[in-house]
Amino acid sequence: MKNNAIKKFLNSFPFRLSLSYTKILATVLIATIFAMVLFVDRAIQHKQSEELKFTCEGIANNLSMTNGLEMESEFFLTIPYYITYSVYNSHNGFVYYTNDPLLPCNLKTSTRARIYYEKNYFSDGDLKILYYAKDCSLKESDIPLRIIAAIYMDTDYAAKLSQLFPYTLVPFLLILIFIAFIISYLTAKRTIEPVVRMTENVRKLSSTELDAVLPLSSRNDELDNLALTFNSLFERIKKDFERERQFSSDVSHELKTPLAVITGQSKLLLRWGKDDPAQLETSLIAINNEAKSMKMIIENLLQMSRYESGILKPEYTKINVKAFFDRLKNEFSNIDTEKTVKVEIDCDERMEINSDAELLHQTFTAFMTNSVKFCNKEVCLITLKAYKGEEKVFLCEADNGEGFSEADLTEIFNRFYTGNSARTRNLKKSSTGLGLAIAKTLTSVLGGKISAANNPDGGALLTVELPSS
């Protein structure tokens, strides 16, 4: 149990985030300290180099002023105590002035201070100095002189301090990193708490609790955006779930009647109908018709479900509205029906829209089929009209029938609604009530709206409102 708790802690997001932050902080601190030590070391060496060069220049100037190998005693008081010097003949090595007889006389001249190291130079150790060497000669003498100024690095406290600097900072650095880790862990844990609450709320959700939403704070920050995204996702899931549930309910509801007919006719045939040729033919026709009805219902519902779920996408093209209406006119002017169907068109011949021609055709086919089916006159007059509004295009279909009742206007686009008036009772068996429901779905897929109304002069009016571009 204890190992699981430790493992859970090590795998937690706050711990991993704090560890990453601490690694970055440690890297930055170490790099900063390294750069600081390097800078201090270079600054110290530069300062010492300038002091050594100044000392050599001072000795050379003093010798030049005296015009001999004698130097003013007061000058030696100006040389810092930690600088050793030597003035000697560069040919034979004879030393004229020095404050350190052990200073080597074989050092080469250079334009800047250099480090000289010689192992076992002393009986008890090595020699390591920072030196500057300068050659000069007197005006009235040909004696070649070499002046050397040096600092012993083993007694250079400034250099030692710069070397000890990183070691003195190590304990402080470790304490600082530990404190930074604790602070970052607590901060990360506190920051991640809203996400943890979201996770718990999401875990509690089920198909029966899709109405629940994640709470929002008043900060309008990234976490609120995350909660809004989840809420939007839940809303889409809910709609998809309701759509599937509605599909299942609709299918089961609408298939009950044809299945009952098929079952009844099948039992009748099994009992005695198969021996009666007339009854056999009647039953087989009924079964065939109900099977066709079931197939049509299922295909229509599947089509609606695919468009609503986004599986099928519209294919947008430029459509000439007049040519589109002419196609519908030609199709419905020659349909096989007891009524005479006349189609009139009212639109600008140059008018064009950007939409899916087949989806629009299916929509208006449903409109016109309903008009022909429910019209109680010998001549069914259908008017197709199109006009432009403000950033909208309106495509209308009107007929000269009885129009819609008040109940029809509120229910007409619902699935399987076939109307309640006396004029529709004899037509319910020939209608699935899915035509206008499919038209509404297709219009929504095209980014438009659909509406139903009654013409002032009588008859039904169906309007599709689409974006103008």
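For the structure given in this document, a descriptive report is provided here. (Residues numbered from 1 in each chain as written. Predicted model: local features only at pLDDT ≥ 70, side-chain atom pairs only at ≥ 80, totals over all residues. Heavy atoms only, no water.)

## Observations regarding the state of the cysteines
Part 1: Taken as a whole, this structure holds zero disulfides when the rule is applied.
Part 2: Residue Cys-56 stays outside any disulfide, its sulfur separated by 9.3 Å from that of Cys-136, the closest cysteine. (Disulfide = S-S within 2.5 Å.)

## Notes on the packing of helix H7 (residues 321-333) against helix H8 (residues 357-374)
Part 1: As a packed pair, H7 and H8 sit with axes 11 Å apart at the nearest point and diverge in direction by 40 degrees. Judged by the angle between their axes, H7 and H8 are oblique. The two elements H7 and H8 cross, and the hand of that crossing is right-handed. Listed contacts from H8 to Phe-324, Phe-325, Arg-327, Leu-328, Glu-331 and Phe-332 of H7 are Ala-357, Glu-358, Leu-360, His-361, Phe-364, Thr-365, Met-368, Thr-369 and Val-372.
Part 2: In terms of residue class, the contact of H7 with H8 is made up of nine nonpolar, three polar and three charged. (Axes fitted to C-alpha atoms, helices over the stretch in contact; angles between N-to-C directions. Helix = DSSP H or I, 4+ residues; strand = E, 2+ residues; numbered from the N terminus. Parallel < 35°, antiparallel > 145°, perpendicular 65-115°, else oblique. Left-handed = near helix turned anticlockwise from the far one by under 90°. Contact = heavy atoms within 4.5 Å. Nonpolar A, V, L, I, M, F, W, Y, C, P; charged D, E, K, R; others polar.)

## Describing the pattern of salt bridges
Part 1: Evaluated as defined, the whole model comprises eight salt bridges.
Part 2: Across the pair Arg-350 and Asp-348 runs a salt bridge, and its minimum N-O distance is 3.8 Å.
Part 3: Classification of Arg-350 by relative accessible area gives exposed; the value is 71%.
Part 4: Glu-465 is the partner of Lys-392 in a salt bridge, and the nearest nitrogen-oxygen pair spans 3.9 Å. Within this pair, whereas Lys-392 is found in strand S10 (residues 392-399), its partner Glu-465 is found in strand S12 (residues 460-467), the two being separated by 73 residues in sequence.
Part 5: Using a relative accessible area of 21% as the deciding quantity, one classes Glu-465 as partly exposed. (Salt bridge = Lys/Arg side-chain N within 4 Å of Asp/Glu carboxyl O. Buried < 20%, exposed > 50% of the residue type's maximum accessible area, 1.4 Å probe, protein only.)

## As for the packing of aromatic side chains
Part 1: Going through the model one piece at a time under the given rule, you end up with eight aromatic pairs.
Part 2: Measuring from ring centre to ring centre gives 5.9 Å for Phe-324 and Phe-364, while their planes differ by 85 degrees; the resulting arrangement is edge-to-face. Separated by 40 residues along the polypeptide, Phe-324 in helix H7 and Phe-364 in helix H8 bring together distant segments of the chain.
Part 3: Since its relative accessible area comes to 5%, Phe-324 is described here as buried.
Part 4: What links up through ring pairs into an aromatic cluster is the set Phe-324, Phe-325, Phe-364 and Phe-367. (Phe/Tyr/Trp six-rings, centres within 6.5 Å; stacked < 30°, edge-to-face > 60°.)

## Description of H7
Each full turn of the α-helix corresponds to 3.6 residues, which orients residues three or four apart in the same direction.
Part 1: With 13 residues, H7 extends 18 Å between its outermost C-alpha atoms, agreeing within 8% with the 18 Å of an ideal straight helix rising 1.5 Å per residue.
Part 2: Looking only at H7, the buried set comprises Val-321, Phe-324, Phe-325, Leu-328 and Phe-332. Each buried residue of H7 lies within a common arc of 95 degrees when the element is viewed along its axis, so the set occupies one face.
Part 3: In the core, the buried residues of H7 are packed alongside strand S6 (317-320), strand S7 (340-346), strand S8 (352-355), H8, strand S9 (379-388) and S10.
Part 4: The N-cap residue of H7 is Asn-320: its side-chain oxygen and the backbone nitrogen of Lys-322 are 3.1 Å apart. (Expected span 1.5 Å × (residues − 1). Arc of directions from axis to C-beta. Polar contact = N/O pair within 3.5 Å; in protein donor to acceptor, adjacent residues only side chain to side chain.)

## Digging into the nonpolar core
Part 1: Grouped together as the largest cluster of nonpolar side chains are 42 residues, with contacts concentrated most on Phe-325, Leu-360, Phe-364 and Leu-395.
Part 2: Residue assignment for this core shows that the elements contributing at least two residues are helix H6 (277-309), H7, S7, H8, S9, S10, helix H11 (435-445) and S12.
Part 3: For this core, the element with the highest residue contribution is H8, accounting for six residues.
Part 4: Non-local contacts of Leu-395, meaning those with residues more than four positions away in its chain, are made with Val-321, Phe-325, Ile-353, Leu-360, Phe-364, Lys-385, Ala-386, Leu-462, Thr-463, Val-464 and Leu-466.
Part 5: Residues Ala-60, Tyr-132, Ile-147 and Ile-151 belong to the second largest nonpolar core, which totals 19 residues. (Core = buried A, V, L, I, M, F, W, Y, C linked by side-chain atoms within 4.5 Å.)

## Some words on the sheet that holds S10
Part 1: As summarised here, the arrangement of the five strands in space is S7-S9-S10-S12-S11, forming an open sheet in which the pairing is mixed. The sheet terminates laterally at S7 and strand S11 (449-454), the two strands that pair on one side only. Pairwise comparison of adjacent strand axes, ignoring direction, gives a mean angle of 15 degrees for this sheet.
Part 2: Where S11 meets S12, six bridges bridge the pair, whose relative direction is antiparallel. When the bridges of S12 are listed, Ile-450 appears paired with Val-464.
Part 3: The strands touched by H7 within the sheet are S7, S9 and S10, with S7 carrying the most contacts at an inclination of about 175 degrees.
Part 4: Here H11 sits on the sheet in contact with S11 and S12, set at roughly 135 degrees to S11. (Pairing = 2+ DSSP bridges.)

## A word on the environment of Asn-376
Part 1: Within the secondary structure layout, Asn-376 lies in the loop between H8 and S9.
Part 2: For Asn-376, a relative accessible area of 48% translates into the label partly exposed.
Part 3: Sequence separation of Asn-376 and Asn-400 is 24 residues, and the distance between their C-alpha atoms is 9.2 Å.
Part 4: At 2.4 Å, the side chain of Asn-376 forms a polar contact with the side chain of Glu-402.

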